Structures are given as structure tokens and as C-alpha cells.
Amino acid sequence: KYSGFAELSVAEPHGAWRLRHEDRGSGVVVIAPHAGMIEHDTGEIALAIAGDDLSYYLFEGRKHDHNRDLHLASARFDEPTAVEMCGRARLVVAIHGKGVHDEIAYVGGGRRGAVAALCTALVAAGFEARAEPEPRLDGRDPANLCNRGTGGGGLQLELGSSLRHRLGGQEIRRAEFAAAVRSVVLSL
């Protein structure tokens, strides 16, 4: 609906969204740019991956309805705090919701060599994971927020709605998922 954050911030009412972020100086930032009611459970999953030591950024939809209006495409996501945090990080890990009703983690991003490693780690932890097959969702666009770090390419996870629901409601499974992601992210 909007071409960028400036247009969104003028058109949407006060309280329609909330920013949550903490720069922990980790060199890695875990982001959920469509958290809250935009793509359910992505914020909780991002926070689990960030743990107590990795930086994080959440853009949360908080409206009673029409939260999809707050969705800014990753290649056009220009909220200043996110741009600044991602621009200083050596690695950006983006958590998104994919509009499919499955329990699959679709992995993409500009850090192509790490995609297979992340899929392997998730499968070893008991999750179904595969490389994102859709070019428009594979996170390879250099303008994608996950690829704006200093390392030249990030990682993007597109999570099916059933997987997000399960991870959002099951703390132990969410912790196992986060541990699998962290095992790869911290090795890069």
C-alpha cells in the first residue's frame, strides 16, 4: 500500500505500529520487519533467535484490522532505525511469514553459502527446511533489508503459517528452532 516508511507514518494513525529494538553490539541483528499482527509470531521467533546477546529489531503491526497495510516490501523497507542497525551489522537474519499453511522453513538470502548449512541444521533439529524456490521471496535482491549489512549478504527465513503458529505457542520447540538457527549464524 505504501512506497516507504515516510508515506506509511503520515497515513497511519498513532499507535498503528510499534518499534522494538536493541543494539547489543553483536555484529548480528535479527529482524522481523513484519511482526505483530502483520505476520503473526515472527517477532517472538526473532526474539528467541536473538536471545540475550544478539541485536534485534521488530516492526510490529498493532491495529485492530488491516495490519497488512503496514507491510513494506523488504527491498523498500526504509524505516530509519532498521536501515541504520542493518547497515552496521556484519550479518542480518530476517524472519518473515510466508502465506502458505505448512510447517516448512524456506531459507534464502544473499549469503548463498549459508543457506544449505541453515537448512541442514534445521532438519537435524527436527524441522522441515528447504531453500526458498520462489525468486520473489528468495531474499537475493541486494536491496533486500537482509542484504544491507556490511558482510554483503544476509539470511532470510520465510516460515509457513503452521510452523509460525507452532513456534509461537510452544516455547520448547521455539527454543530448539532458535538454537538451530544460532548454531549457523554464530559460525559465520
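Preceding block: the structure.
Residues numbered from 1 in each chain as written. Predicted model: local features only at pLDDT ≥ 70, side-chain atom pairs only at ≥ 80, totals over all residues. Heavy atoms only, no water.

## A few points about the overall build of the protein chain
- Looking only at helices and strands, one finds six helices and seven strands in the protein chain.
- Helices (α) and strands (β) of the protein chain occur, in sequence order from the N terminus, as α-β-β-α-β-α-β-β-α-β-β-α-α.
- In summary, the protein chain has a C-alpha radius of gyration of 15 Å against a globular reference of 16 Å for 188 residues, a match within 12%.
- If you line up the protein chain on its principal axes, its C-alpha atoms span 45 × 35 × 35 Å.
- Once local pairs closer than 6 in sequence are excluded, the contacts in the protein chain between residues at least 24 apart make up 79%.
- Only carbon and sulfur atoms are counted for the fraction: they give 52% of the accessible area of the protein chain, which is about 8,300 Å².
- Between the mean site of the 22 positive side-chain charges and the mean site of the 25 negative ones, the protein chain shows a separation of 2 Å. (Helix = DSSP H or I, 4+ residues; strand = E, 2+ residues; numbered from the N terminus. Rg over C-alpha atoms; globule rule 2.2 N^0.38 Å. Contact = heavy atoms within 4.5 Å. Areas by Shrake-Rupley, 256 points an atom, 1.4 Å probe, with all protein chains shown as cover. Lys, Arg positive; Asp, Glu negative; His and termini not counted. Charge placed at Lys NZ, Arg CZ, Asp CG, Glu CD.)

## Some thoughts on the pairing of strand β2 (residues 28–36)
- With respect to burial, β2 is a largely interior element, eight of its nine residues being buried.
- Here four bridges tie β2 to strand β4 (residues 91–98), and the two strands are oriented parallel to one another. Note on β4: the bridge partner recorded for Val30 is Val93.
- Direction of pairing for β2 relative to strand β3 (residues 55–61): parallel, over a ladder of six bridges. Residue pairing in the sheet places Val29 in a bridge with Ser55 of β3.
- Following the chain from β2 across helix α2 (residues 42–50) to the adjacent parallel β3, one finds a crossover that is right-handed. (Buried < 20%, exposed > 50% of the residue type's maximum accessible area, 1.4 Å probe, protein only. Pairing = 2+ DSSP bridges. Right-handed = clockwise from strand over helix to strand, strands pointing away.)

## Digging into helix α5 (residues 161–169)
- Those residues of α5 that sit buried are Ser161, Leu163, Arg164 and Leu167. For α5, the angular spread of the buried residues around the axis is 155 degrees, confining them to a single face. For α5, exposure combined with an orientation more than 90 degrees from the buried face picks out His165 and Gly169.
- In this structure, the buried residues of α5 make contact with α2, β4, β5 (104–108), β7 (155–160) and α6 (171–185). (Arc of directions from axis to C-beta.)

## Re the sheet that holds β4
- Sheet architecture is open: seven strands sit in the order β1-β3-β2-β4-β7-β5-β6, paired in mixed fashion. In this open sheet, the two strands that pair with only one neighbour each are β1 (17–22) and β6 (128–131). In this sheet, adjacent strand axes meet at a mean angle of 20 degrees when their direction is disregarded.
- Where helix α3 (residues 80–88) meets the sheet, its contacts fall on β1, β2, β3 and β4, and the angle it forms with β3 comes to roughly 155 degrees.
- Set on the sheet, α5 makes contact with β4, β5 and β7; between it and β7 the angle comes to about 95 degrees. (Axes fitted to C-alpha atoms, helices over the stretch in contact; angles between N-to-C directions.)

## Regarding the pairing of β3
- With seven of seven residues buried, β3 lies mostly within the body of the structure.
- In β3, alternate side chains face the same way, and those of Ser55, Tyr57, Phe59 and Gly61 on one face and Tyr56, Leu58 and Glu60 on the other are all buried.
- Bridge count for β1 against β3 is six bridges, and the pairing is antiparallel. Across the sheet, the residue bridging to His21 is Tyr57, located in β3.

## Concerning the packing of aromatic side chains
- Throughout the structure, instances matching the rule amount to six aromatic pairs.
- The interplanar angle of 85 degrees and the centroid separation of 5.7 Å between the aromatic rings of Phe5 and Trp17 together place this pair among those described as edge-to-face. With Phe5 in helix α1 (residues 5–11) and Trp17 in strand β1, the pair connects residues that are 12 residues apart, well separated along the chain. This pair shows no difference in class: Phe5 is buried, exactly as Trp17 is. (Phe/Tyr/Trp six-rings, centres within 6.5 Å; stacked < 30°, edge-to-face > 60°.)

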